[in-house]
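Fold and contact review
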Amino acid sequence: MPEMSMRNRITEMCKIEYPIIQGGMHYVGYAELAAAVSNAGGLGIVTSLTLALTPAEEAPHVGFGGAEKLRKEIQKCKSLTSKPFGVNVTKLPMLGASDMFDDIVTVLVEEKVPVVETAGSPMPAEWKAFKDAGLVVIHKCTSIRHALRAQKAGVDAISMDGFDCGGHPGEDDVGNWVLLAKAGRTLDIPFLASGGVGCGEQMAAAFAMGAEGINMGTRFMATVEAPIHPNVKRALVDTDETGTHHVYRSFKNTERVFRNSTTEKVNELEAQHPGDFSKVAHLARGVNYKKSFQETGDVDSSVWSCGQSIGLINDVPTCQQLLQNIMAEFHTAAARVSTGGRPAAKL
């Protein structure tokens, strides 16, 4: 059996065994999952906005948005793993207030979180604060031009997020088959393949194009340790690659989501009232998303992010099993490519 661990710029900077990162995910990226991924040899990620956007009536609520709840989750993750982990920080213009980001940055610096995964709007001030504190910064981008700007600004690595991804793919509609190949020809800093990734064969293809790791979200939702309702995991296993679509196109805030009656209704209303988010706000509320994942398990009653990698999910393994399977698939695929592919069938 080939040596499963790997040494490259991503594993060295993140101090991990496998170049596999669990991306930030709303109402999924809690300490339990992040620690399980890190303990398995990858890099687990806690999602800051899930914790920091705490309703005022929910304790603890210290500072804008309850950043102290994020601090407690980071400390919980430290208690569950002695290995490096990260925190996702997504800056969304619609959230406005910069106080929340000041609080989040302060918490991450004070807690000495090893790696920060940033996403959304450029955040040069936050990047500088993280770098000055010695934290590794990986920025998620959906276009080469954004990746080049982030590289120039001094981030350590890029997570190239193709049109296949769950969540927000940007507005350029460029898939990973082109995006990754161009990143390999363009970027000087290391990059990860992100978006629609769910198996080792894809990892091998991404490495052939210059990537040095993969970032997966949806695939990690279908693991034993993912802190979401079993019904959601079952839906991920039972649904094929056609089970997602986009919403919010007219708002210039496109999101790939699990296809259900609620998202179909969102698209129907959006077509009738393009650009008017107020018409779909009642369906898009985050509390609906959280309730589906954490309480009811009703996969039809909310709008929730999901990538096209759903078509590659056919089981619910532990994080340890998943990472070992992906690395085995990677080595098998890489060996197959090095020998010219599968032998031709005999006539």
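The structure we're discussing is the one just above.
What counts and what doesn't
Residues numbered from 1 in each chain as written. Predicted model: local features only at pLDDT ≥ 70, side-chain atom pairs only at ≥ 80, totals over all residues. Heavy atoms only, no water. Helix = DSSP H or I, 4+ residues; strand = E, 2+ residues; numbered from the N terminus. Rg over C-alpha atoms; globule rule 2.2 N^0.38 Å. Buried < 20%, exposed > 50% of the residue type's maximum accessible area, 1.4 Å probe, protein only. Contact = heavy atoms within 4.5 Å. Lys, Arg positive; Asp, Glu negative; His and termini not counted. Charge placed at Lys NZ, Arg CZ, Asp CG, Glu CD. Pairing = 2+ DSSP bridges. Axes fitted to C-alpha atoms, helices over the stretch in contact; angles between N-to-C directions. Phe/Tyr/Trp six-rings, centres within 6.5 Å; stacked < 30°, edge-to-face > 60°. Polar contact = N/O pair within 3.5 Å; in protein donor to acceptor, adjacent residues only side chain to side chain. Core = buried A, V, L, I, M, F, W, Y, C linked by side-chain atoms within 4.5 Å.

The subject of this paragraph is the overall build of the protein chain. Across its full length, the protein chain carries 15 helices and 10 strands. In terms of C-alpha radius of gyration, the protein chain reaches 19 Å, essentially the compact-globule figure of 20 Å for 347 residues. Principal-axis analysis of the C-alpha atoms gives the protein chain an extent of 65 × 45 × 35 Å. Considering the protein chain as a whole, with its 347 residues, one finds that 52% of them fall into the buried category. Partitioning the contacts of the protein chain with sequence separation of at least 6, the portion at a separation of at least 24 is 62%. Of the side chains in the protein chain, 34 bear a positive and 39 a negative charge, and the two mean positions are spaced by 3 Å.

Attention now moves to the sheet that holds strand β4 (residues 115-120). Pairing is parallel in the open sheet, where eight strands are placed in the order β1-β8-β7-β6-β5-β4-β3-β2. Each having just a single partner strand, β1 (20-22) and β2 (45-47) make up the two edges of the open sheet. Ignoring which end each strand starts from, the neighbouring axes of this sheet average 30 degrees apart. When β2 meets strand β3 (residues 86-91), the two strands line up parallel, connected through three bridges. Paired with I45 across the bridge in β3 is G86.

Let us look at the packing of aromatic side chains. The full count for this structure, using the stated rule, is eight aromatic pairs. Their ring planes at 80 degrees and their centres at 5.4 Å tell us that F251 and F277 sit as a pair that is edge-to-face. Pair noted here: F251 is in the loop between β9 (244-247) and β10 (255-258) and F277 is in the loop between α12 (261-272) and α13 (281-284), with a separation of 26 residues, a long-range link. Note on F251: relative accessible area 17%, which makes it buried. Owing to a relative accessible area of 40%, F277 belongs among the partly exposed residues under this scheme.

This paragraph deals with the side chain of S48. By the element assignment, S48 lies in helix α3 (residues 48-52). For S48, the side chain forms a polar contact with the main-chain oxygen of N88, separated by 2.7 Å. Excluding anything up to four places from it in sequence, S48 contacts L70, V87, N88, V89 and I104.

On to the nonpolar core. One finds I20, L108, I158, M160 and W304 to be the most contacted residues of the largest nonpolar core, which totals 84 residues. With seven residues, the top contributor of residues to this core is helix α15 (residues 319-338). Contacts of W304, omitting those with residues within four sequence positions, involve M221, V232, L236, V257, F258, N260, Y289, F293 and V299. Among the nonpolar cores identified, the runner-up in size contains 11 residues, and I10, V115, V136 and L192 belong to it.

It is worth stressing that arrangement in space is one thing and function is another; only the former is reported here.
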